[in-house]
Amino acid sequence: MTQKIALITGASRGLGAALAEALAPTHHIIAVARTTGALEELDDRIQSAGGSATLAPMDVTNADAMATLCRGIHDRWGKLDLWLHSAIHAVPLSPANFAAGSDWNKSIAVNASATALLISYVAPLLAQQGQAIFFDDPRAGQKFFGTYGATKTAQMALVGSWAAETEKTGPKVSVVTPQPMPTALRARFFPGEDQSDLANPMDEAKRLLAELQLT
């Protein structure tokens, strides 16, 4: 296969799904998410537009599953051109002194630990020429965002170090900040919000990819 290969973690809905559809005309999409039905719907949309995808209904916190995924990518394609990591766990807002231990542990697992694990597995597939994209949502220090803000900040700190370490050697590591969109994640934070002024996920995906010079 001469087509470029893009891995999207967190691809079943929202920005991840929109990025998959936007990249499908130029990339074979490897779509990772836990929700099989949503991945199949994404695949239908990609195929109807003439693209192709490989579906991986997996949990990014499962180290064995991620190892199997990356070994499969290596055996089939030998490399990745692009990795976009949009998988995130958003817990209900709460005061810091009422943060549930289970919410904290799940947020650490998805937002921080899984990112660290995936970087170690995906970096060899990207090698020097590939590119990794991460998505910031700065909430550190905002009231009621303690668990989400802390774990998202941990993710960004890790990514920032990787970007600095690979600046001269590759892969290229980039962080972009999407505009607010009517996603399930945002709805957990702002239920009942007037969504008329929020960015359409597909429009935002296209804007970000253009900003990154990927389209």
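Residues numbered from 1 in each chain as written. Predicted model: local features only at pLDDT ≥ 70, side-chain atom pairs only at ≥ 80, totals over all residues. Heavy atoms only, no water.

Quick look at the packing of aromatic side chains now. Going through the model one piece at a time under the given rule, you end up with eight aromatic pairs. Summarising the aromatic geometry, the rings of F134 and W162 are spaced 6.2 Å apart at their centres and angled 75 degrees between planes, so their arrangement reads as edge-to-face. Placement of the pair is F134 in strand β5 (residues 131–135) and W162 in helix α5 (residues 146–165), with a sequence separation of 28 residues. Each member of the pair, F134 as well as W162, is classed as buried. Their ring planes at 50 degrees and their centres at 6.3 Å tell us that F145 and F190 sit as a pair that is tilted. Taken together, the residues F145 in the loop between β5 and α5 and F190 in the loop between α6 (184–189) and α7 (201–211) connect sequence positions 45 residues apart. (Phe/Tyr/Trp six-rings, centres within 6.5 Å; stacked < 30°, edge-to-face > 60°. Helix = DSSP H or I, 4+ residues; strand = E, 2+ residues; numbered from the N terminus. Buried < 20%, exposed > 50% of the residue type's maximum accessible area, 1.4 Å probe, protein only.)

What follows covers the nonpolar core. If you look at the biggest cluster of nonpolar residues, it comprises 29 residues, and the most contacted ones within it are I8, L19, L23, I29, L84, I133 and F135. Looking at this core, the elements that each hand over two or more residues are β1 (4–9), α1 (14–23), β2 (27–33), α2 (36–48), β4 (82–85), β5 and α7. If near-sequence neighbours (up to four positions away) are discounted, I8 is found in contact with G16, L19, A20, L23, I29, I30, A31, V32, L84 and S86. If you look at the next biggest cluster of nonpolar residues, it comprises 27 residues, including V60, C70, W77 and W162. (Core = buried A, V, L, I, M, F, W, Y, C linked by side-chain atoms within 4.5 Å. Contact = heavy atoms within 4.5 Å.)

Now for empty space enclosed by the protein. This structure, assessed with the given rule, holds one cavity of 30 Å³ or more. The volume enclosed by the largest cavity comes to roughly 50 Å³. Lining the largest cavity are V91, P92, L93, S94, A96, A99, F144, F145, G146, T147 and Y148. Here the residues of the lining of the largest cavity sort into eight nonpolar, three polar and no charged. (1 Å grid on protein atoms, 1.4 Å probe; cavity = no way out; pocket = protein on both sides within 12 Å on 5 of 7 lines; lining within 4 Å. Points joined across faces, edges and corners; volume = space filled by probe spheres on them. Nonpolar A, V, L, I, M, F, W, Y, C, P; charged D, E, K, R; others polar.)

What follows concerns the layout of surface pockets. To locate leftover empty space, one rolls a probe as large as a water molecule over the atoms. By volume, the largest pocket is sized at about 1,000 Å³. Put simply, the parts of the chain that give the lining of the largest pocket at least two residues each are α1, β2, α4 (101–126), α5 and α6. Here the lining of the largest pocket takes five residues from α6, the largest share from any one element. Residue composition of the lining of the largest pocket, grouped by class: 18 nonpolar, twelve polar and ten charged. In this structure, the second largest pocket spans a volume of roughly 280 Å³. K4, D81, Q129, G130 and Q131 are, among the 16 residues lining the second largest pocket, the residues nearest its centre. Grouping the amino acids of the lining of the second largest pocket by side-chain chemistry returns six nonpolar, six polar and four charged.

Remember that the coordinates give geometry; whether it matters functionally is a separate question.
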